[in-house]
Amino acid sequence: MKVTADRSRCMAAGHCAISAPDVFDHGEDGLVVVLDAEPGEERRREVEVAEDLCPSRAIAVLRTAAVAAPAEAGAPDTAG
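Note that this is a predicted model, so its numbers are computed, not measured.

Section: the pattern of salt bridges
Turning to step 1, where the next piece is worked out: Enumeration according to the criterion identifies 7 salt bridges in this entry.
Turning to step 2, where the next piece is worked out: We note a salt bridge from glutamate 38 to lysine 2, for which the minimum N-O separation is 3.6 Å. Residue glutamate 38 is found in the loop between strand 3 (32–34) and helix 2 (44–53), and its partner lysine 2 is found in strand 1 (residues 2–5); the two are separated by 36 residues along the sequence.
Turning to step 3, where the next piece is worked out: Here glutamate 38 falls in the exposed class, since its relative accessible area comes to 54%.
Turning to step 4, where the next piece is worked out: Overall, lysine 2 belongs to the partly exposed group, its relative accessible area being 41%.
Turning to step 5, where the next piece is worked out: For glutamate 51, the salt bridge is made with arginine 63, and the minimal N-O distance between the two is 2.6 Å. Of this pair, glutamate 51 sits in helix 2 while arginine 63 sits in the segment after strand 4 (59–62), placing them 12 residues apart in sequence.
Turning to step 6, where the next piece is worked out: Arginine 63 gets classed as partly exposed once you look at its relative accessible area, which sits at 43%.

Next up, the structure:
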């Protein structure tokens, strides 16, 4: 999972820093700062809560999946 924050959209509501304090904070200007752009899976719930609560939608979570791509249709199977 990757986390980004668009400071130009941030309203300084503070929900992100309260919901996920190990991942988000606020700078001296009051706007969001990402402390950990790639938090571990153990932080997923709190990061998703922060994303959901952000009134300006400044928080974005890229959900990555560790799933192998399916074989192309018609491609020969080269597995022994």
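Continuing now.
Quick word on the environment of serine 19
Turning to step 1, where the next piece is worked out: Along the polypeptide, serine 19 turns up in helix 1 (residues 15–19).
Turning to step 2, where the next piece is worked out: Sequence spacing of serine 19 and valine 47 is 28 residues, and the spatial spacing of their C-alpha atoms is 7.2 Å.
Turning to step 3, where the next piece is worked out: If sequence neighbours within four positions are ignored, serine 19 has contacts with Glu46, Val49, Ala50 and Leu53.
Turning to step 4, where the next piece is worked out: For serine 19, the side chain forms a polar contact with the main-chain oxygen of histidine 15, separated by 2.8 Å.

Regarding helix 2
Turning to step 1, where the next piece is worked out: The set of residues buried in helix 2 consists of Arg44, Val47, Ala50 and Glu51. Angular distribution of buried residues about the axis of helix 2 spans 130°; they occupy a single face of the element. Across helix 2 from its buried face, at more than 90 degrees, point the exposed residues Arg45 and Asp52.
Turning to step 2, where the next piece is worked out: Residues of helix 2 that are buried sit in contact with strand 1, helix 1, strand 2 (24–26) and strand 4.

Some thoughts on the nonpolar core
Generally speaking, soluble globular proteins have nonpolar side chains that are buried together.
Turning to step 1, where the next piece is worked out: Val3, Cys16, Val23, Phe24, Val32, Val47 and Ile59 are the most contacted members of the largest nonpolar core, which has 14 residues in total.
Turning to step 2, where the next piece is worked out: Breaking this core down by element, the ones donating at least two residues are helix 2 and strand 4.
Turning to step 3, where the next piece is worked out: Excluding its chain neighbours within four sequence positions, the residues that come into contact with valine 47 are Met1, Val3, Ala20, Val23, Pro39 and Val61.

Calculation criteria
- Residues numbered from 1 in each chain as written.
- Predicted model: local features only at pLDDT ≥ 70, side-chain atom pairs only at ≥ 80, totals over all residues.
- Heavy atoms only, no water.
- Salt bridge = Lys/Arg side-chain N within 4 Å of Asp/Glu carboxyl O.
- Helix = DSSP H or I, 4+ residues; strand = E, 2+ residues; numbered from the N terminus.
- Buried < 20%, exposed > 50% of the residue type's maximum accessible area, 1.4 Å probe, protein only.
- Contact = heavy atoms within 4.5 Å.
- Polar contact = N/O pair within 3.5 Å; in protein donor to acceptor, adjacent residues only side chain to side chain.
- Arc of directions from axis to C-beta.
- Core = buried A, V, L, I, M, F, W, Y, C linked by side-chain atoms within 4.5 Å.

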